[in-house]
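# Structural overview
So you can see what is in the structure, the chains are spelled out below.
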Amino acid sequence: MCGFLGLAGLPGQDVSPELYEGLIALQHRGQDAAGILSFDGMFHLRKQNGMVRDIFRSRDMQRLRGSLAIGHVRYPTVGVGAEEDAQPFYMNFPFGIGMAHNGNLTNWIDLKSKQFPEDNIPLESSCDVEAILYAFAQGLQRTVKSEPLAQRIGVAVAAAFHRAKGAYSVCGILSEGVMFGFRDPSGIKPCILGKRVEEAGTSWAIASESVAFDVIGYERVRDLKNGEAVIIQPGEEPIFLQVVEGLHTPCIFELVYFSRPDSFLDKVSVYKTRRRFGESLAEQWIASGAPKADVVIPIPDSARDAALSMAEALNLPYREGFIKNRYIGRTFIMPNQEERQRSIRRKLNPIPLEFEGKNVLLVDDSIVRGNTSRKIIEIARKAGAAKVYFASTSPPLTSPCPYGIDMATEKDFVARGKTIDEVRDDIGADHLVYLELERMISCGKAGNSEIKEFCTGCFTGEYPTPDAKEHLKALSAERSSARN
Ligand code: AMP
């Protein structure tokens, strides 16, 4: 998924220490690699595999000088997670450009193996922001120096939109002392502008999630629209350019699982949406004729808000029955099912008191492969639960995400080709309810009536960009040949 933050501070300031704090707040968006690129007349870069706190030392912060900087946390999708694929990227032609992104290009293979080589540009990395960077630079190169810079950036963004297909939000800096951001024509990935007003002037920020602003004292200004760019020049108000028009289809899985509850995405509070998921799930639970539970227990962390509102709506006690060890990494990166199951057990430990002799209703945000739910249900039974009911705050996931959420290949989804009763039996629950698609969508839209559609591709297999299915086919062929 990835996260980025760009800061344009006041002249003479060094913004990297604040950028570091902001990146820590975005760490949930990617724990694989991180980087900061700053500019004080020269670019300074530090990027490496690992977590933000492990990468940057005080000597790095001293070197990362300048009032302009962009930072990134990586969640790997394309490539093998090599160090050189960490972001930000920069180049010095036609002038200095630094860039970081969140997203996935669905025509990456074509760009890397055909389109750019035909222009005599061999892309060096396995990171798709490199393609966006070159497309942007090619656009910039075609502009005339005497034109206003914002106009030239608009041309460069149009060139990037023309070449890069898929989902991406970008932030970047130019050696002209300018920061910019843009959001793909469908606006699938989040991208928000923030500011901090001080006596000495106004500082600006562009981020994947608004939570990065909260921790460094910035306020939300507004989300970028789909197909829109923003340009921030020193001492001036931002310039917004609507580069292309189209239907805005933000990713709904950001609200379900990915984003922090204290973030706002396209004006939608993630926290309030998850509470609405819980209320709606409670209505559905009752309508499904579900048996009466004694207690509602969330699967930490992302299901907590929904589980609490579900418990309130069902008039049931809410208990934290599972204690999560925060120091164990993501279980889905484990190489095989057995390893994943084992690490889920090490990650979540039950408090037997909350399970013994009770009918427990477990609430999770989603069921992907089913490993987590299957194991958790087993843990609940071992801890003494009489019956184990399960509710998911999103519908059955059945289709891969072409836009950068690493979920599973088609055959890995536990719900693919199965009825809900079959999934219930597969994960070993006594009763299973998934929040219906329309309910989930209306919970999201309730936060912002301007959103007409979400990207719900992982639930429906229908994607907002035309070449998504082809990209998934190519990816799946690549994966199976790698496996062979
Ligand atoms: P599983 O069904 O075993 O694949 O695990 C599903 C759980 O993993 C969900 O409840 C989420 O909390 C979490 N999850 C969902 N999507 C992802 C993802 N793309 N990457 C990592 N964890 C995820």
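Residues numbered from 1 in each chain as written. Predicted model: local features only at pLDDT ≥ 70, side-chain atom pairs only at ≥ 80, totals over all residues. Heavy atoms only, no water.

Let us now look at the domain arrangement of the protein. Along its sequence, the protein is organised into domain 1 (3-249) and domain 2 (264-463). Each of domain 1 and domain 2 has a C-alpha centre, and the two are 33 Å apart. The interface of domain 1 with domain 2 comprises 23 residues on the first partner and 14 residues on the second. Of the roughly 1,500 Å² buried between domain 1 and domain 2 on both sides combined, carbon and sulfur atoms contribute 52%. (Domains from an automatic or database assignment. Contact = heavy atoms within 4.5 Å. Buried area = accessible area lost by both parts, 1.4 Å probe.)

This brings us to the site of the ligand. Taken together, 16 residues sit near the ligand, with Asp364, Asp365, Arg369, Gly370 and Thr372 positioned nearest. Between the ligand and the protein, one listed contact pairs an oxygen atom with a side-chain N or O atom of Asp365 at 2.7 Å. Note that an oxygen atom of the ligand is positioned 2.8 Å from one of the backbone N or O atoms of Ser366. In isolation the ligand exposes 500 Å². Once the protein is present, 88% of that is buried. Looking at the shell around the ligand, the elements with two or more residues in it are helix 8 (253-258) and helix 12 (371-382). (Near = heavy atom within 4 Å. Polar contact = N/O pair within 3.5 Å; in protein donor to acceptor, adjacent residues only side chain to side chain. Areas by Shrake-Rupley, 256 points an atom, 1.4 Å probe, with all protein chains shown as cover. Helix = DSSP H or I, 4+ residues; strand = E, 2+ residues; numbered from the N terminus.)

Here the focus is helix 14 (residues 437-445). Listing the buried residues of helix 14 in full gives Met440, Ile441, Cys443 and Gly444. Buried positions in helix 14, seen along its axis, are confined to an arc of 160° and lie on one side of it. At its buried positions, helix 14 is contacted by helix 8, strand 15 (268-269), helix 9 (270-287) and helix 15 (457-460). (Buried < 20%, exposed > 50% of the residue type's maximum accessible area, 1.4 Å probe, protein only. Arc of directions from axis to C-beta.)

Right, let's talk about the pairing of strand 10 (residues 201-207) for a bit. Within strand 10, six of the seven residues are buried, which leaves it mostly tucked inside the rest of the structure. With seven bridges connecting them, strand 9 (residues 192-198) and strand 10 associate as antiparallel partners. The partner of Gly194 across the bridge, within strand 10, is Ala205. Counted along the chain from strand 9 to the antiparallel partner strand 10, the turn is two residues long. (Pairing = 2+ DSSP bridges.)

Grouped together as the largest cluster of nonpolar side chains are 52 residues, with contacts concentrated most on Phe253, Trp285, Met310, Leu361 and Met407. Looking at this core, the elements with two or more residues in it are helix 8, helix 9, helix 10 (304-314), strand 19 (359-364), strand 20 (387-392), helix 14, helix 15 and helix 16 (468-483). The two domains that each donate at least three residues to this core are domain 1 (3-249) and domain 2 (264-463). Contact partners of Met407, with chain neighbours within four places excluded, come to Phe253, Val368, Arg369, Leu397, Ser399, Cys401, Phe413 and Cys458. Core analysis: the second largest hydrophobic core is formed by 36 residues, Ile97, Met99, Ala164 and Val178 among them. (Core = buried A, V, L, I, M, F, W, Y, C linked by side-chain atoms within 4.5 Å.)

Once that is clear, we can look at the side chain of Lys375. Tracing the backbone shows Lys375 in helix 12. Since its relative accessible area comes to 13%, Lys375 is described here as buried. Sequence-distant contacts of Lys375, defined by excluding residues within four places in its chain, comprise Gln341, Ile344 and Arg345.

Take helix 9 next. Here helix 9 is 18 residues long and its end C-alpha atoms lie 26 Å apart, about the 26 Å a rise of 1.5 Å per residue gives. Taken residue by residue, helix 9 has Val270, Thr273, Arg274, Arg275, Arg276, Phe277, Gly278, Ser280, Leu281, Ala282, Gln284 and Trp285 as its buried positions. Positive phi appears at Gly289, one or two residues downstream of helix 9, with a value of about 70°. (Expected span 1.5 Å × (residues − 1).)

Here the focus is the packing of helix 5 (residues 129-141) against helix 6 (residues 149-163). Packing of helix 5 against helix 6 brings their axes to within 7 Å, and their N-to-C directions diverge by 135°. With respect to each other, helix 5 and helix 6 are oriented oblique. In the packing of helix 5 onto helix 6, the handedness of the crossing is right-handed. Where helix 5 abuts helix 6, its residues Ile132, Ala135, Phe136, Gln138, Gly139 and Leu140 lie against Arg152, Ile153, Val155, Ala156, Val157, Ala159, Ala160 and Arg163. Residues belonging to the contact of helix 5 with helix 6 are distributed by class as follows: 10 nonpolar, two polar and two charged. (Axes fitted to C-alpha atoms, helices over the stretch in contact; angles between N-to-C directions. Parallel < 35°, antiparallel > 145°, perpendicular 65-115°, else oblique. Left-handed = near helix turned anticlockwise from the far one by under 90°. Nonpolar A, V, L, I, M, F, W, Y, C, P; charged D, E, K, R; others polar.)

So, on to the packing of helix 9 against helix 10. One can describe the packing of helix 9 onto helix 10 by two numbers: an axis separation of 7 Å at closest approach and a directional angle of 45°. Judged by the angle between their axes, helix 9 and helix 10 are oblique. Along this stretch, helix 9 crosses helix 10, giving a crossing that reads as right-handed. Two secondary-structure elements touch here, helix 9 through Tyr271, Arg274, Arg275, Phe277, Gly278, Glu279, Leu281, Ala282, Trp285 and Ile286 and helix 10 through Asp305, Ala306, Leu308, Ser309, Met310, Glu312, Ala313 and Leu314. Of the residues that constitute the contact of helix 9 with helix 10, the class distribution is 11 nonpolar, two polar and five charged.

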